[in-house]
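# Breakdown of the fold
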Amino acid sequence: MVATFKIAVLGAQGVGKSAIVRQFLYNEFSEVCVPTTTRRVYLPAVVMNGHVHDLQIMDFPPITAFPVNTLQVGEWADVCCRGLRSVHAYILVYDICCFDSFEYIKTIRQQILETRVIGTSETPIIIVGNKRDLQRGRVIPRWNVSNLVKKTWKCGYIECSAKYNWHILLLFSELLKSVGCARCKHV
């Protein structure tokens, strides 16, 4: 039996969340930024390291706060947040050229840790700096972000470019390793 790995993709408006997902699934990129207004769910089966993995990738629009609980005031009250608290891993995306987008994921990450009860410490969070192709416009030095994320936050960190499909496959490969996929440990 193949397990389905549930993945939530979160980030501020315009950071490239949907572009990363579309590049991974369809190997395509659009220069036109279409804001995500509702939760989009993708159900791909991917082959990594010779094994098939079923994924449920949920691409969320920007949320004002991580749902506190699963009751009326939490994830089930807001259609776009459904399933957010029960995922196996989080991908938090920021734009390397936008300081506010980094502050956004910093806040969301903290809210995830404070409110997610079941398996909080075991649920991987990968921080993704997108738009690496715009390196010259970077607002925070890569070393500073990498150091903070890996050493202080104890999260995975990767930079990518959805536009040029750079490190997109690596991102999802690392993600599968982090959720404990035994078949992916030696990829």
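Residues numbered from 1 in each chain as written. Predicted model: local features only at pLDDT ≥ 70, side-chain atom pairs only at ≥ 80, totals over all residues. Heavy atoms only, no water.

An unreviewed UniProt entry annotates the chain as small monomeric GTPase of Antrostomus carolinensis. Recorded in UniProt for the chain, the comment headed Catalytic activity (unreviewed entry) runs: "GTP + H2O = GDP + phosphate + H(+)". (UniProt positions renumbered as here; feature names shortened; annotations may be inferred.)

## Structural notes on the overall build of the chain
Looking only at helices and strands, one finds four helices and seven strands in the chain. Helices and strands appear in the chain in the N-to-C order β-α-β-β-β-β-α-β-α-β-α. Long-range pairs, those at least 24 residues apart, make up 66% of the contacts in the chain with a sequence separation of at least 6. With an accessible surface of roughly 9600 Å², the chain has 56% of that area assigned to carbon and sulfur atoms. (Helix = DSSP H or I, 4+ residues; strand = E, 2+ residues; numbered from the N terminus. Contact = heavy atoms within 4.5 Å. Areas by Shrake-Rupley, 256 points an atom, 1.4 Å probe, with all protein chains shown as cover.)

## What about the nonpolar core?
Membership of the largest hydrophobic core comes to 51 residues, with the highest contact counts inside it found for Y90 and I127. No other element matches the six residues that strand β5 (residues 89–95) contributes to this core. (Core = buried A, V, L, I, M, F, W, Y, C linked by side-chain atoms within 4.5 Å. Buried < 20%, exposed > 50% of the residue type's maximum accessible area, 1.4 Å probe, protein only.)

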